[in-house]
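Examining the three-dimensional arrangement
Residue-level listing of the chains:
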Amino acid sequence: MAKYHLSFILVALHLQLLQAQKTIAPVKFRMERIASEAFESVGVFDVNNDGQLDLVSGSFWYEAPGFQNRHYMGPIQRVDDYYDDFATIPFDVDRDGKMDVIGGGWFGKSLRWRKNPGKEGIWPEFLIDSCGNVETTRTWDVDGDGTLDIVPNNPSQALKFYRFENGVFKKYPLHTTQGHGLGFGDINGDGRGDFVSQDGWLEAPAKPLEQKWTWHADFKLGQASVPIIVTDVNKDGLADLIVGQGHSYGLDWYEQTKTGGKMAWKKHPIDPFNSQYHDMQWVDIDNDGENELVTGKRLRAHHLKDPGSADPVGLYYFKWNGESFTKMVISYGPALEGKGTGVFFSVADLRGSGRKDIIVAGKDGLCIFWNEGN
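Here the structure is a predicted model, which means the values were calculated and not measured.

Scanning the protein chain for helices and strands turns up one helix and 30 strands. Across the 374 residues of the protein chain, 54% fall into the buried class. Working note: accessible area of the protein chain is about 16,500 Å², and carbon and sulfur atoms make up 53% of it.

Our focus in this paragraph is the confidence of the model for the protein chain. When pLDDT is averaged along the protein chain, the result is 93, and 94% of the positions lie at 70 or above. Low pLDDT, under 50, characterises residues 1-22; the predicted model gives this stretch one contact beyond four residues in sequence or across chains.

With that settled, the discussion passes to the layout of surface pockets. Each pocket or cavity is described by its volume, and for the largest pocket that value is around 490 Å³. Every element with two or more residues in the lining of the largest pocket is listed here: β2 (43-45), β8 (89-91), β12 (136-140), β20 (229-231), β24 (277-283) and β28 (346-348). Here the lining of the largest pocket is built from residues that sort into 15 nonpolar, six polar and two charged. A volume near 210 Å³ is recorded for the second largest pocket. Around the second largest pocket sit 13 residues that line it, and Y82, W106, E135, H247 and H302 are the ones nearest its centre.

This next bit is on the nonpolar core. Within the largest apolar cluster, 20 residues are counted, with the highest numbers of intra-cluster contacts made by L55, Y62, F67, L350, I359, L366 and I368. The greatest single-element share of this core, amounting to three residues, is contributed by strand β30 (residues 366-371). Ignoring any residue separated from it by four or fewer positions in sequence, one finds L366 in contact with E32, R33, I34, A35, E37, V42, L55, S57, Y62, I359, V360 and A361. Counting 19 residues, the second-largest nonpolar core is a separate cluster that includes F86, V93, V134 and F164.

Another point: the environment of P75. Within the secondary structure, P75 sits in the loop between β5 (69-72) and β6 (78-79). With 282 residues separating them in the primary sequence, P75 and D357 have C-alpha atoms 28 Å apart.

Following the criterion strictly, the structure yields one cavity of 30 Å³ or more and no others. Around the largest cavity, the lining residues are I76, D84, D85, A87, T88, V101, I102, G103, G104, R112, R114 and E125. Among the secondary structure elements, those contributing two or more residues to the lining of the largest cavity are β9 (100-105) and β10 (110-114). Ranked by the residues each element gives to the lining of the largest cavity, the list is headed by β9, at four residues. Split into classes, the residues belonging to the lining of the largest cavity amount to four nonpolar, three polar and five charged.

The next subject is unusual backbone geometry. A negative phi angle is the norm for most residues apart from glycine, just as the trans form is the norm for most peptide bonds. The omega torsion of the bond from A64 to P65 falls at 10°, within 30 degrees of zero and hence cis. Cis peptide bonds are those with omega within 30 degrees of zero, and the linkage from V226 to P227 qualifies with 10°. As for its position among the elements, P227 is in the loop between β19 (214-216) and β20. Unlike most non-glycine residues, N166 shows phi in positive territory, near 55°. Within the element layout of this structure, N166 appears in the loop between β14 (159-165) and β15 (168-175). On the basis of relative accessible area, N166 is assigned to the exposed category, the value being 81%.

Conventions used here
Residues numbered from 1 in each chain as written. Predicted model: local features only at pLDDT ≥ 70, side-chain atom pairs only at ≥ 80, totals over all residues. Heavy atoms only, no water. Helix = DSSP H or I, 4+ residues; strand = E, 2+ residues; numbered from the N terminus. Buried < 20%, exposed > 50% of the residue type's maximum accessible area, 1.4 Å probe, protein only. Areas by Shrake-Rupley, 256 points an atom, 1.4 Å probe, with all protein chains shown as cover. pLDDT = per-residue confidence, 0-100. Contact = heavy atoms within 4.5 Å. 1 Å grid on protein atoms, 1.4 Å probe; cavity = no way out; pocket = protein on both sides within 12 Å on 5 of 7 lines; lining within 4 Å. Points joined across faces, edges and corners; volume = space filled by probe spheres on them. Nonpolar A, V, L, I, M, F, W, Y, C, P; charged D, E, K, R; others polar. Core = buried A, V, L, I, M, F, W, Y, C linked by side-chain atoms within 4.5 Å.

So this is what it looks like as structure tokens:
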């Protein structure tokens, strides 16, 4: 009986080992270069309502399934080596059943939307607001009504969001100023989403559209990423922060602790050796039921004047192992060999494989990293 009992234990241990190996095996990605354009933003949505996801980046949309048939949408202002197109957000603004796109940029100092004409031709552009320099823009459900709102990162301008009401975007200013970097999530566990900025966090009141939001200057995050990710990294019931340095070296997570009900933040390095972690996503990339951090280096931000600008570029995902993050390299090398992220990248299952692919734009071109599983 002891012999059989030992065999059972050995088989059980072997199965556990196989499962652990399956769980931690890195995902394999295959890179496909779609275009050599230097737009820094790419969105993914069904442009022509054929049931397939297309790519939208700058002046063009790329038709699924091959993405080689590209369609001109209209000119984008160029200033030096920047195109003034710092976000690509799908949104049916005119409610005609065709997905439009919301963007905007630093040089035009505005939020804008472009109308999907539903046929070949120029996408007419309309102003949402002259809100000041837009580092990039994100969408979050700020007021908890189940609808995404538009939130630009406007360094040195008021922190605000735009709610779509009766066919127009209504502006809701929340705080006098914001810095470089922006995030959103429930910081204090009261069930309401709060904002995180460079120098602190903004607490949501019970009635976010009517009452005053409360500022807490609890930390200094530097020239932080957009987004700053709010999530419970170590699963202790408290929201933590994941922060990249958009224009310098560093990628860190800030652990929230509480002593006697007082909130504090402990900084933990994830990757101090790479710079310009400007955009990131917290998403399950290996289909194990747990989210991973997907991010990388942005090429030639600030005209090669940022620390680390001349370093190789890369795209990575970081897996939480229960104590720290393990770095998985998707792409790495000199520009045009390795691939960076741009300022706004997308993650989506482009071919219905059940696996999430990564789509990245940037001054080093537009590429798809096909997720081939692990």
